[in-house]
Amino acid sequence: MVSHDTISTPDVRDRGFQRLLYVDDAWEKFVEALDTVSLSVEDVSISASLINRVLAEDIVSPISIPPFARAAMDGYAVKAEDTFGASNTNPKKLEIVGNVDIGDVPSVVVVSGTAVKITTGAPIPEGANAVVMVEDTEKQDSYISILAPVTPGKNLAQQGEDVKKGDVVLRKGTILRPADLALLKAIGLQKISVIRQPKIGVLSTGDELVDNATELSPAKIIDSNRIMLKAQILEDGGIPVDYGIARDDPDEIKQRLEQALHECDAVLVSGGTSVGPKDFLPRIIEELGKPGLIVHGVAIGPGRPVALGVINKKPIILLPGYPVAAFLNYELFAFPLLKLLQSVFYSKRPRDKIKARLNRRVSSKPGQRDFIRVQLSEEGQNLIASVITRRGAGVLTSLTRADALLIVPEDVEGIEEGTEVELELVRYF
Ligand code: AMP
Ligand code: MG
């Protein structure tokens, strides 16, 4: 791990900031300051709402799946040996001695020279070791002519073929997906142990903010960050807790943050994070507890005035007020934090990638990671990435209209028009 003293400083400076950190260094410093943050574990009933929850234990199957050998086709359960050499011109004749339907417990035994009619999914009767498809048979009264041979094990699922009793089927730390839930259900579990969902407090700050259009007056704007951040938290498996809007008043902000830090596992605040006269947040974080402010200013565009703090082991992220900056900094720092709290280690959100050609030159500050929002369109065989030109940190539509992000790394100054670039998809279409 890099020691703090040796973390390199980007060339980019911003007025008022001591220095800007590279994104990756900022995250590393934050994690180091957090120490151990993992949440407690809880036992919960198996249900679809466990989607994206994180397993806190290895899962051992108490049963085998399938629990019994079963037919994989409609046809006849036979001894495979009785069918060897069978063909259209040389049918093998077997006596039908019974019938097993789905849900039936077979009462007959297949002995040499006999067959039992069977339905897909029904248990294989004792003595049989294969199923002949109905299409390869011809029925005459109580006899069946087998027109093609089967090998032992053909057209049936063995007991425990999928899962054997005692198998570890899912590992601790697995993020539960729909098929995992099906498996947990199939092996008959009723409760499992998962990591508690992180409670994340969300607070907006700013004298200009109102909650609704009915409160709008000249020079006021509607707080749109809170709903966005709450939705982001929900999407990532956290529980958002709303602390409303605080005025640009250090006492009011401090009091709300104390409450949020007390009630939640982490807190996201937006607004007031920079170095202007009304930007009280960084100072408040220093006053709230130790170790306080860990990072202030990161070399990204947009979103530089982000700050990361830790107060008595609780993480707090100060997001710049501009909506695009708040969104991107959530992605960069809050997403991996939510995962970290659940003992899942991601340094960034894994996103699907796509290649496209740039419709115009993109310039980017050296030493800064830029997040360019683009729209995708098809032109003949080519996929074109059109840069959204009205793209300030406050232009919310640069996010809503974007299909993908072009992330320009710190060591790249600009990318020429027509270059094929790799993009991260943010919206599917
Ligand atoms: P600040 O980070 O407080 O300097 O705010 C930067 C810009 O973002 C200002 O134009 C604010 O009006 C705007 N802003 C701050 N908070 C919010 C919010 N919760 N929703 C929408 N815009 C905001
Ligand atoms: Mg403000």
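Residues numbered from 1 in each chain as written. Chains lettered and ligands numbered in written order. Predicted model: local features only at pLDDT ≥ 70, side-chain atom pairs only at ≥ 80, totals over all residues. Heavy atoms only, no water.

**What to know about the site of ligand 1**
Then, in step 1: Around ligand 1 sit 14 residues, and of these Glu208, Asp223, Ser224, Gly272 and Gly321 come closest.
Then, in step 2: One of the backbone N or O atoms of Ser224 is found 3.1 Å from a nitrogen atom in ligand 1.
Then, in step 3: One of the backbone nitrogen or oxygen atoms of Tyr322 is found 3.1 Å away from an oxygen atom of ligand 1.
Then, in step 4: Class assignment for the residues of the shell around ligand 1 results in 5 nonpolar, 7 polar and 2 charged. (Near = heavy atom within 4 Å. Polar contact = N/O pair within 3.5 Å; in protein donor to acceptor, adjacent residues only side chain to side chain. Nonpolar A, V, L, I, M, F, W, Y, C, P; charged D, E, K, R; others polar.)

**Examining the sheet that holds strand 7 (residues 130-133)**
Then, in step 1: The sheet built from 6 strands is open, its strands ordered 7-4-6-5-9-8 with mixed pairing. The open sheet has two edge strands, strand 7 and strand 8 (137-140), and neither has a second partner. Strand-to-strand, the axes of this sheet are offset by a mean angle of 40 degrees, without reference to chain direction.
Then, in step 2: Taken together, the 5 bridges between strand 5 (residues 92-100) and strand 6 (residues 114-118) define a ladder with parallel strand orientation. The residue of strand 6 that forms the bridge with Gly98 is Val116. (Pairing = 2+ DSSP bridges. Helix = DSSP H or I, 4+ residues; strand = E, 2+ residues; numbered from the N terminus. Axes fitted to C-alpha atoms, helices over the stretch in contact; angles between N-to-C directions.)

**Notes on the environment of Trp27**
Then, in step 1: As for its placement among the helices and strands, Trp27 is situated in helix 1 (residues 23-34).
Then, in step 2: A residue is classified by how much of its surface remains accessible, and Trp27, at 13% relative accessible area, is buried.
Then, in step 3: Taking C-alpha positions, Trp27 is 66 Å from Glu81, a pair spaced 54 residues apart along the chain.
Then, in step 4: Once residues within four sequence positions are removed from consideration, Trp27 is found in contact with Phe333, Pro336, Leu337, Leu340, Tyr346 and Ser347. (Buried < 20%, exposed > 50% of the residue type's maximum accessible area, 1.4 Å probe, protein only. Contact = heavy atoms within 4.5 Å.)

**Quick look at the packing of helix 1 against helix 6 (residues 323-341)**
Pairs of packed helices are described in terms of their axes, by the angle between the two and the distance that separates them.
Then, in step 1: The interhelical angle for the contact between helix 1 and helix 6, taken along N-to-C directions, is 35 degrees, at an axis separation of 11 Å. Crossing hand, helix 1 versus helix 6: right-handed. Residue-level contacts link Val23, Ala26, Trp27, Phe30, Val31 and Leu34 of helix 1 to Leu332, Phe333, Pro336, Leu337 and Leu340 of helix 6.
Then, in step 2: The residue makeup of the contact of helix 1 with helix 6, split by class, is 11 nonpolar, no polar and no charged. (Left-handed = near helix turned anticlockwise from the far one by under 90°.)

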